[in-house]
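Descriptive analysis of the structure
One-letter residues, chain by chain:
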Amino acid sequence: MANHTSFNAVGIIAEYNPFHSGHAYHIKKAKELSQADYCIVVMSGDFVQRGAPAVFDKYTRTAMALSCGADLVIEIPSLFATSSAEDFAACSIALLDRLSVVQSVCFGSECGDVKKLTSIASVLAEETEEYKEALRTELKKGVSFPQARTQALISCGSLDDEETSILLSPNNILGIEYCKAIHRQNSRLSPLTIQRAGSGYHDPIVSPDQFGSATGIRKLLKEKEDNQNNSDSMFLQIPNSARQIAENSFPLFPDDFSTLLNAALLRLSMENLPFEAYADVSVELAARIKKQLPDFLPFEEKTSSLKTKQYTYTRISRALLHIILGITSEQIALGKEVGYAPYARVLGFKKDSKDLMGQIKMRGSIPLITKTAGAESNLSELAGSMLRRDFYCSHIYQTVLQNKYHINNKNEFTRSVVIL
């Protein structure tokens, strides 16, 4: 357990895909609510939890966050940045806790009531035999896991109507997972929440008079790339201090990885390797993928073609991404064995936050990595393999970026951390 003392930092778990004004507001309110001296962000690297590439690379998103109030940005290991909401949350909480300077974690939610979220989280964390049996029964009906979980909790009498509605909103779900991870890990982190303002999580419409959603901004970026929309209105959703960073960046989208996906699937089939060895690929989903193997569809079309009542779009997208990145169920299991977060890799920090870095080096229970050279020397074999996977995933991203835009991009061994 982390040894927290008076040094006060608030943690934020994020993807910033991309960073926008709502995120800047969140950082500001998190510092106010926690009365923290510093804000530490643990952020997905080049691939995100919904099973897709981040629209901007991790260094671009780090620079945007630092320009808008974050003091330190640390990468969530790729094994869990692209995993289920439960594992994503467990890794992020473990990472913040092991820094030993973070006293609270602040997240946005639709309900804005941390007591209600922690109450639901405690029910989910315990997983009684009655609940497990009810969950198995619901899953046998062929529905998705989120639907099965909600129905199982209702049938056990664990949720009232209000709590059921809370469990149906995306930011509430993640918030509950953070609280559940805190409970299970016996972490001293205090959960704090602020009510989400502006557009809904999945809202594709970007309005100039409210915070837009990252979904809406990505949609506008894609429309601009496809010459369906020549407006730069999406950049108005990004704070002034970060806007130029975004305007000078090169976006990537899931379909940019279509060739890699189809090549990976063909190779696995040719070598008779089991698709179901990869994380999130069930035996049933593997059979569907094999059946559609000759259909060389773009990434997003392939995901849609595999969609069934049983599997969410995000689950299938994650499964396909794991095949591209070579992330197996065994690797996920081994990552859990070393406690999800056996190191903290720094992506960027503020110049005036050196005191914060010093405190983490002195108090933290895991190595703080600021340079790739020799980074594995302080890690166990398992932790080292996780770090190499992070490098590999980013090299895949950087290769696609370089190929698409014909730019001379730095790799993980030649690029230094972002310092503002």
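Residues numbered from 1 in each chain as written. Predicted model: local features only at pLDDT ≥ 70, side-chain atom pairs only at ≥ 80, totals over all residues. Heavy atoms only, no water.

**Notes on the packing of aromatic side chains**
Per the counting criterion, the structure on display carries 8 aromatic pairs. A ring pair is formed by Phe47 and Phe257, whose centres lie 5.6 Å apart and whose planes are at 75°; its orientation type is edge-to-face. You can see Phe47 sitting in strand E3 (residues 47–48) and its partner Phe257 sitting in the loop between helix H11 (240–247) and helix H12 (258–270), a full 210 residues away along the chain. Phe257 carries the same exposure label as Phe47, and that label is buried. (Phe/Tyr/Trp six-rings, centres within 6.5 Å; stacked < 30°, edge-to-face > 60°. Helix = DSSP H or I, 4+ residues; strand = E, 2+ residues; numbered from the N terminus. Buried < 20%, exposed > 50% of the residue type's maximum accessible area, 1.4 Å probe, protein only.)

**Quick look at the nonpolar core**
Ile13, Ile40, Leu72, Ile74, Val101, Phe257 and Ile289 are the most contacted members of the largest nonpolar core, which totals 98 residues. Of the residues forming this core, the biggest block, 9 residues, is contributed by helix H18 (residues 381–405). Apart from the residues lying within four places of it in its own chain, the contact partners of Phe257 are Phe47, Pro53, Leu252, Phe299, Ile324, Ile396, Tyr397 and Val400. Residues Ile12, Ala14, Ala36 and Cys68 belong to the second largest nonpolar core, which totals 35 residues. (Core = buried A, V, L, I, M, F, W, Y, C linked by side-chain atoms within 4.5 Å. Contact = heavy atoms within 4.5 Å.)

**Looking at the packing of helix H5 (residues 114–126) against helix H9 (residues 170–184)**
Two elements in contact, H5 and H9, have axes whose closest approach is 8 Å; the angle formed by their N-to-C orientations is 60°. With respect to H9, the axis of H5 lies oblique. Remark: the crossing between H5 and H9 carries right-handed chirality. Contacts between H5 and H9 pair Leu117, Thr118, Ile120, Ala121, Ser122, Leu124, Ala125 and Glu126 from the former with Asn172, Ile176, Cys179, Lys180, His183 and Arg184 from the latter. Taken together, the residues of the contact of H5 with H9 sort by class into 7 nonpolar, 4 polar and 3 charged. (Axes fitted to C-alpha atoms, helices over the stretch in contact; angles between N-to-C directions. Parallel < 35°, antiparallel > 145°, perpendicular 65-115°, else oblique. Left-handed = near helix turned anticlockwise from the far one by under 90°. Nonpolar A, V, L, I, M, F, W, Y, C, P; charged D, E, K, R; others polar.)

**Considering the pairing of strand E5 (residues 72–76)**
Burial within E5 is extensive, with 5 of its 5 residues counted as buried. As judged from the 5 bridges shared by strand E2 (residues 38–44) and E5, these two strands associate in the parallel manner. Residue Met43 lies in a different strand from E5, and its bridge partner there is Glu75. Where E5 lies against strand E8 (residues 344–349), 4 bridges are found, and the strand directions are antiparallel. Bridging from a neighbouring strand, Glu75 pairs with Arg345 of E8. (Pairing = 2+ DSSP bridges.)

**Quick word on the environment of Lys361**
As for its placement among the helices and strands, Lys361 is situated in helix H17 (residues 354–363). The exposure class of Lys361 is exposed, given its relative accessible area of 55%. Spatially, the C-alpha atom of Lys361 lies 14 Å from that of Leu96, the residues being 265 residues apart in sequence.

**A word on the pairing of strand E6 (residues 102–109)**
Across the 8 residues that make up E6, a large majority, 6, are buried. Note that strand E1 (residues 9–14) and E6 share 3 bridges and pair parallel. Residue pairing for E6: Val10 is matched across the bridge by Ser104. Note: E6 against strand E7 (residues 190–195), 6 bridges, orientation parallel. Paired with Ser104 across the strands is Ser190, a residue of E7.

**Points about unusual backbone geometry**
A cis amide bond, omega 0°, links Asn17 with the succeeding residue Pro18. In this structure, Pro18 sits in the loop between E1 and helix H1 (21–34). We note that Asp280 has phi near 75°; this positive angle belongs to a residue other than glycine. Although it is not a glycine, His406 sits at a positive phi angle of roughly 55°. The residue His406 is located in the loop between H18 and strand E10 (418–419) in this model. Residue class for His406 comes out exposed when judged on its relative accessible area of 71%.

**So, helix H7 (residues 145–155)**
Working note: α-helix, 3.6 residues per turn, so residues spaced by three or four point in the same direction. Taken as a whole, H7 has its buried residues at Ala148, Arg149, Thr150, Ala152 and Leu153. Buried residues in H7 make contact with H5, helix H6 (129–139), helix H8 (161–166) and H9. Positioned one or two residues after H7, Gly157 has a phi angle of 75°, which is positive.

**Description of the side chain of Arg345**
Checked against the element boundaries, Arg345 lands in strand E8. You can call Arg345 buried: its relative accessible area is 5%. A distance of 3.4 Å separates polar atoms of two side chains, one belonging to Arg345 and the other to Tyr59. One polar contact links Arg345 to Glu412, side chain to side chain, over a distance of 2.6 Å. Residues contacting Arg345, with those up to four places away along its chain left out, are Lys58, Tyr59, Val73, Ile74, Glu75, Ile369, Thr372, Leu387, Phe391 and Glu412. (Polar contact = N/O pair within 3.5 Å; in protein donor to acceptor, adjacent residues only side chain to side chain.)

**A closer look at H5**
For H5, spanning 13 residues, the distance from its first C-alpha to its last is 18 Å, which sits close to the expected 18 Å at 1.5 Å a residue. Among the residues of H5, Leu117, Ile120, Ala121, Leu124 and Ala125 are the ones counted as buried. Down the axis of H5, the smallest arc covering the buried residues is 140°, so these residues share one side. Turned more than 90 degrees from where H5 packs its buried face, Lys115 and Glu126 sit exposed. Residues of H5 that are buried sit in contact with E6, H6, H7, H8, H9 and E7. Structurally, the start of H5 carries an N-cap: the backbone nitrogen of Lys115 is 3.0 Å from a side-chain oxygen of Asp113. Two residues or fewer after H5 comes Glu127, characterised by a positive phi angle close to 50°. (Expected span 1.5 Å × (residues − 1). Arc of directions from axis to C-beta.)

These figures capture arrangement, not role.
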